[in-house]
Each structure stands twice: as structure tokens, then as C-alpha cells.
Amino acid sequence: MFHRINLLLICCLLLSACQMNTTPNFSEDIAPIVQQKCIKCHQQNGGGPFPLTNYQEIASKGQLIAHVVQQKIMPPWPADPEYAHFTGELALSDKEINQIQKWVTSGMPAGDSSLQLELPPNQQIKNSNFIVVKLPQPFLIKGDNKDHFFVAKYPIQVPANTYIEAIEFVPHQLKLVHHMNAHLINYSETQTAFPHSAPYWVDQNQQESQRIHKDLNLCYTDGSYPAMTPSVCNYLPGAQFSKYPEGIGGFSLTKQAVLYINDIHFGPSPIPVIDSSYFKIYLTDKAPVRPVKEFQIGTLGLSPVVPDLSIPANQIKTFKIEFTVPEDISILNMVPHMHLIGKKFKSYAIKPSGDTVRLIAINQWDFRWQYFYRPPHLLKLPRGSQIYVEAVYDNTSQNPNNPFSPPQLIRDRNGSMKTTDEMLQLILTYIPYKKGDEDLPNE
Ligand code: HEC
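Residue positions within a chain follow its written sequence, with the count starting from 1. The model is predicted, so local features are restricted to residues of pLDDT at least 70 and side-chain atom pairs to those at 80 or more, both for listing and for counting; the totals for chains, interfaces and linings are taken over all residues. Working from all heavy atoms in the structure, the side-chain values ignore hydrogens and water.

**Student:** Account for the site of the ligand, naming residues and giving values.
**Tutor:** Not every one of the 19 residues close to the ligand is listed here, only the nearest: Cys38, Cys41, His42, Met74 and His178. As used in this structure description, the phrase polar contact means that two N or O atoms lie within 3.5 Å; if the pair is within protein, one of them must be able to donate a hydrogen and the other to accept it, and residues adjacent in sequence are counted only when both atoms belong to side chains. The separation between a nitrogen atom of the ligand and a polar side-chain atom of histidine 42 is 2.8 Å. At 3.2 Å from an oxygen atom of the ligand is found a side-chain nitrogen or oxygen belonging to arginine 368. In this text, helices come from DSSP runs of H or I with a minimum length of four residues, and strands from runs of E with a minimum of two, each type numbered from the N-terminal end. Counting residues per element, the shell around the ligand draws most heavily on helix α4 (residues 62-70), which supplies 3 residues. The near set for a molecule or strand comprises every residue that places at least one heavy atom within 4 Å of it.

Listed below in C-alpha cells is the structure:
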């Protein structure tokens, strides 16, 4: 008996020693990583600049891949996976990063070089009752090699008030559309509005934010605001569309409505490009069960940034926000938001019991990857919880994202959305808490 256990132990040791020494090969070790963490963007006609779907394509970019994964530039996942986990997390583990380095330095052995990676299946929604909503005037992206951020409105007209099951965004210029966030504005029949007249979009880099909303004619003619349902559709390369969990449902839709895009980000282009990205709105006769709400805290929101968001030239400065949760809530989505010179973002909540709930940490803020982070299960915060946000901005010339050279004073100018001004926000989408929410998966 003793002898057999010993033998087993030796075998195990030998086996793991062998595994440690084996050189990773493409088909067994690298393909599964690329399959899981890269291919949703890096496929033919995907959001990434080139496909990574077979040995040839991956090996020919081997050195570059080793570099971008080591530097954690790719896959794009700014949230710190050691602080909090989210649905669809893309970050690579240290082990996966090491495997890729080892594979590249050992000459990229193929294993089975004929292996073709499987493309992820298209998400399907089993509802053929949809309408297509297009922009009456497509986006015009300047050919100036700069990022462009547009605010836009897509008018919707339906014959009678109804409900929405899900909304799908269909990007046109796949290599340029970097992210898109849409809200739904429903107009009441008893008030007059101009939501269907031009202009349909404004390039934020060219306009002050106050003008943008005025120009888009989103209010009623008396200046009051219609009802807005936040975050009804969010897009990033590789994401198709997302639905809220069963038991929450979709959204109400009135006869006159607008999908308000705030914002859509296009990457740099050397030539002028027209973009006709559109939406598919899946209708249903089922009313939403639990309408979704939002807290926008920080700039323009429910509690102020302390001190005032103003970062003198050549300084690195930290700011804070505090917010008390007014009722028991279940968080669906978290959106940290800063502009170009943001560096770090961290948020947590302290419950009345004294326990800390980690919300999100971003150690290397990247303005170009603005994610909507979904906790894997609905996240409960009881009434009276105190939410804290701490954010660091770097307005020195050492910051490669500084839009000014030499650095200049950068501040929040009345909530200007220009990228060269700053903002600090945490936007939480939530529903009032109900027993059992913690067990609801949030995929
Ligand atoms: C969410 C979509 C997405 C995922 C997932 C993704 N990429 Fe990318 N990748 C991009 C985009 C978009 C670019 C173009 C550069 C940019 O916009 O930042 C890019 C650029 C690159 C580049 C070129 C970088 C350069 O400097 O030229 C490499 C190499 C790369 N990705 C490798 C990977 C690898 C390896 C993975 C998986 C481990 C991965 N990417 C996952 C979207 C993605």
C-alpha cells in the first residue's frame, strides 16, 4: 500500500515537472487563449485591425502579440481583475501571459498547424418583430487622424405606444466604431417637441455641451425634459447586444421617441468617412417588470467632485466623490467616466454594517476603452451605504495622453463634454432591491 502511494506521488511529480518544462505549442496552449480572449474582435470583419483565427495569422504577429499582452494593452480590459470581477471579463491571467511569452521566445511551435479557430456564434434573439432605426443623416467623420466623439439622436416613430424587448446596435464602420452608449427618450403626446428635425448629430470636439443639447432639440418646446430611460444599449467591438436578466424586462416605447446617443466614439481616420450605423429594436407586448433607473454621481450629477475638478498645469491631483445610497438597490451596470488626463479610478461602498463592497478599480485609465461593467450577479447595496470614488489626474508633460503641450490648466467647464476638458463621474444603473436579486446572473 505504502509502496503504491509512493509510486503514485513520484508519477505525479514527474508529470508536473514534464508539464512545466514543455514548450507551449499553438494548437494546445495558445489557440484556446486566443479563442477565448481575442477572436471576438480579431476576426474577418471584426472590430480589431486584423484577424487572429489560425496559426499563420497569429504567428506572423507573434512578437507584437507578446508585447501587447505583456503591457496589458490587449485584450482591452481596463478594470483590475484582482479588485473586482465582471461579466465578459477579458483580462489575461499571469499564467496566460507567460504562456504567450514562452511560446514566442521558443520559436512559436505549431502543434497541429491546420487548426482553425472557431468563430463565436452570433447571439440570436428569437423575435422577428423588430423595426430598423436609421439616422436620417449619416455621421461624417473627418479625415484628420483624430478620435471623434459624437452626440446624436435617432428618431423613432411607431403607430401606438408599445414595449421593447431588446435593442441591437449594428455598427457600420466596424474598424472605426469604438464604443456607443444609447439612452431612450419617450415623448408624451400631451406636450409638443421637435425631436424629428435636423441636426441629428453634433461632433463634441467642435461644440460646447450646452449648445449640443439645444441644437439637438431634445426638450419639449416649453424647455422641460421628457422621460429618459438610461443605458438601453451599449456597444463595444465584440459585444453584440445585451438584455437585462429575466424578471426585469425591457423598456416602454411611446409613439414619438428618440434614441439619444451620448456618445459614439470613432477612432482616427486618415480620410473622411461616412458611417451609417443603425439599430434594430425588438418589440414586444410585455411591459417591463422592473424599470431600470440610474444614479449619475460626480460632474453634472447627484453629488459634487471634491475639490472642484481643476487640474493646474504640471500637477498630478486626486479628487473624491461621496454619495449616500437612498434606498436598497441592486446594481446592474457601473460606468466610470473621465476624459484624456484621467489616470486612476477606484470606487467602493461602505455598508451601514461597516463592511466594504469593492465596486471597481482601474489602475491605468484608458479614455479609448469606456466599458459598461456588469457585476456577475446583481450587486446589492443597502440603503445608507456610502459610495466613495477616488480619481487621479495627471496634467504633466509625462502623460502621453495630455492634449496640450506645454500642459495648461484643465478643468470641468460647466460639464463641458469636450474631451480636452475633464469630467469625473460614476454612473450606476440599478433597480430597487428585491429579495433574491443577489442570485440573479447578470450576463
Ligand atoms: C474588444 C475587442 C478586442 C479584443 C477582445 C482584443 N483586441 Fe486586439 N485590438 C482591438 C482594436 C480595436 C485594436 C486597434 C487598436 C486600438 O483601437 O486600440 C487592436 C489592436 C491589437 C494589436 C495591434 C497593436 C498595435 O500596436 O498595432 C494586437 C497585436 C492585438 N490587438 C492583439 C490582441 C490579442 C492577442 C488579443 C487577445 C489576447 C486581443 N488583441 C483582444 C480590439 C480587440
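That was the structure; now back to the text.
**Student:** Go over the coordination of the iron atom of the ligand, please, and point to the residues and values.
**Tutor:** Protein coordination at the iron atom of the ligand comes from His42 (NE2) and Met74 (SD), with a distance range of 2.1 to 2.3 Å. Only N, O and S atoms count as donors, using a 2.8 Å cut-off from the metal and 3.2 Å for Na, K and Ca, and because water is excluded some sites may appear unfinished. Square planar and octahedral assignments, for four and six donors respectively, both demand that opposite donors be over 155 degrees apart and that all other angles lie between 65 and 115; tetrahedral needs four donors with all angles between 85 and 135 degrees, and anything else is irregular. Coordination at the iron atom of the ligand comes from 6 donor atoms whose angles at the metal span 85 to 179°, giving a geometry best classed as octahedral. One end of the pair, histidine 42, is in the loop between α2 (26-37) and α3 (55-59); the other, methionine 74, is in the loop between α4 and α5 (94-105), with 32 residues separating them in the sequence.

**Student:** Explain the sheet that holds strand β4 (residues 162-170) to me, using residue names and the numbers behind them.
**Tutor:** As a general point, the strands of a sheet are linked pairwise by backbone hydrogen bonds and lie either parallel or antiparallel. At least two DSSP bridges between two strands are needed for those strands to be called paired. What the 4 strands build is an open sheet, ordered β1-β11-β4-β8; its pairing is antiparallel. Strand pairing shows two members of the sheet lacking a second neighbour, β1 (130-133) and β8 (251-253), which therefore form its edges. The mean inter-strand angle of the sheet, taken between neighbouring strand axes irrespective of direction, is 45°. Bridge count between β4 and β8: 3 bridges; the pairing is antiparallel. Note that in β8 the partner of threonine 162 across the bridge is leucine 253. Axis definition: a line fitted to C-alpha atoms, limited for helices to the stretch in contact. Angles are taken between N-to-C directions and run from 0 to 180 degrees.

**Student:** Report on α5, specifying residues and quantitative values.
**Tutor:** Its 12 residues place the ends of α5 16 Å apart at the C-alpha level, agreeing with the 16 Å of an ideal helix rising 1.5 Å per residue. For every residue, the accessible area obtained with a 1.4 Å probe (protein chains only) is divided by the maximum for its type, and the residue is called buried under 20%, exposed over 50%, and partly exposed between those limits. Within α5 the residues assigned to the buried category are Glu96, Ile97, Ile100, Gln101, Trp103 and Val104. Along the axis of α5, the buried residues cluster in a sector spanning 165°; they form a single face. Exposed positions of α5 whose direction lies more than 90 degrees from the buried face are Lys95 and Thr105. One less than the residue count of a helix, multiplied by 1.5 Å, gives the span that helix is expected to have. What the arc describes is the spread of directions from the helix axis to the C-beta atoms.

**Student:** Any details on the domain arrangement of the protein chain? Residues and values, ideally.
**Tutor:** Where each domain starts and ends follows an automatic or database-derived domain assignment. What the domain assignment lists for the protein chain is domain 1 (20-105), domain 2 (130-290) and domain 3 (294-439). The gap between the C-alpha centroids of domain 1 and domain 2 is 33 Å. Taken together, the 7 residues of domain 1 in the interface contact 4 residues of domain 2. For the domain 1 and domain 2 pair, buried surface summed over both sides reaches about 460 Å², with 54% attributable to carbon and sulfur atoms. Throughout, the accessible surface (probe 1.4 Å) given up by two parts as they are put together, summed over both, is called the buried area. On the domain 1 side of the contact with domain 2, Lys40, Asn45 and Gly47 bury the most area, a combined 61% of that side's loss. Put simply, a salt bridge is a Lys or Arg side-chain nitrogen that is within 4 Å of an Asp or Glu carboxyl oxygen. Joining domain 1 to domain 2, the criterion identifies 0 salt bridges. Between domain 1 and domain 2 we count 2 residue pairs in polar contact (both at pLDDT 80 or more) in total. Grouping the amino acids of the side of domain 1 that touches domain 2 by side-chain chemistry returns 2 nonpolar, 4 polar and 1 charged. Any two residues whose heavy atoms approach within 4.5 Å at even a single point are treated as in contact. Classification used: nonpolar for Ala, Val, Leu, Ile, Met, Phe, Trp, Tyr, Cys and Pro, charged for Asp, Glu, Lys and Arg, polar for all others including Gly.

**Student:** Describe the nonpolar core, and please don't skip the residues or the numbers.
**Tutor:** The criterion is simple. A nonpolar core is a set of buried Ala, Val, Leu, Ile, Met, Phe, Trp, Tyr and Cys residues joined through side-chain atoms within 4.5 Å. In this structure, Tyr373, Ile387, Tyr393 and Leu424 are the most contacted members of the largest nonpolar core, which totals 46 residues. At the level of elements, β12 (293-298), β14 (316-324), β15 (329-338), β16 (342-350), β17 (356-362), β19 (386-394) and β21 (424-432) are the ones that each hand at least two residues to this core. It is β17 that provides the largest number of residues to this core, a total of 5 residues. Each of domain 1 (20-105) and domain 3 (294-439) gives at least three residues to this core. Grouped together as the second largest cluster of nonpolar side chains are 38 residues, Cys233, Tyr244, Phe251 and Ile264 included.

**Student:** Could you give an account of the pairing of strand β11 (residues 278-284), with specific residues and numbers?
**Tutor:** The buried count for β11 comes to 6 of 7 residues, which makes it a mostly enclosed element. Pairing analysis gives 4 bridges linking β1 to β11, with the strands arranged antiparallel. In the sheet register, phenylalanine 130 faces β11, and the bridge partner there is tyrosine 282. As paired strands, β4 and β11 are joined by 7 bridges and run antiparallel to one another. In the sheet register, phenylalanine 169 faces β11, and the bridge partner there is phenylalanine 279.

**Student:** Can you break down the sheet that holds β12 residue by residue, with the values?
**Tutor:** Spatially, the 4 strands line up as an open sheet ordered β12-β21-β15-β18, and their pairing is antiparallel. The open sheet has two free edges, formed respectively by β12 and β18 (379-381), since each of these has just one partner strand. In this sheet, neighbouring strand axes are inclined to one another by 40° on average, regardless of whether the strands run parallel or antiparallel. Across 9 bridges, the pairing between β15 and β21 is antiparallel.

**Student:** A description of the environment of tyrosine 163 should follow, citing residues and the corresponding values.
**Tutor:** Examined against the element boundaries, tyrosine 163 turns out to sit in strand β4. Residue tyrosine 163 is classed as partly exposed on the basis of its relative accessible area, which comes to 29%.

**Student:** So what's going on with the packing of α4 against α5? Which residues, and what values?
**Tutor:** With their axes 9 Å apart at the nearest point, α4 and α5 run at an angle of 155° to one another. Comparing the axis directions of α4 and α5 gives the class roughly antiparallel. For the pair α4 and α5, the crossing hand works out as left-handed. Contacts between α4 and α5 pair Gly62, Gln63, Ile65, Ala66, Val69 and Gln70 from the former with Ile97, Ile100, Gln101 and Val104 from the latter. Here the contact of α4 with α5 is built from residues that sort into 6 nonpolar, 4 polar and no charged. By definition in this entry, angles of less than 35 degrees are roughly parallel, angles greater than 145 are roughly antiparallel, angles of 65 to 115 are roughly perpendicular, and the rest are oblique. Take the far helix as your reference; a near helix turned counterclockwise from it by less than a right angle gives a left-handed crossing, and one turned clockwise gives a right-handed crossing.

**Student:** Account for the pattern of salt bridges, with residues named and values stated.
**Tutor:** A complete count under the given rule lists 4 salt bridges for this structure. Linking aspartate 147 and arginine 368 is a salt bridge whose minimum nitrogen-to-oxygen distance equals 3.6 Å. Of this pair, aspartate 147 sits in the loop between β2 (139-141) and β3 (148-157) while arginine 368 sits in the loop between β17 and β18; the two residues are 221 residues apart in sequence, bridging distant segments of the chain. We classify aspartate 147 as partly exposed; its relative accessible area is 23%. With a shortest N-O distance of 3.4 Å, glutamate 189 and lysine 255 are connected by a salt bridge.

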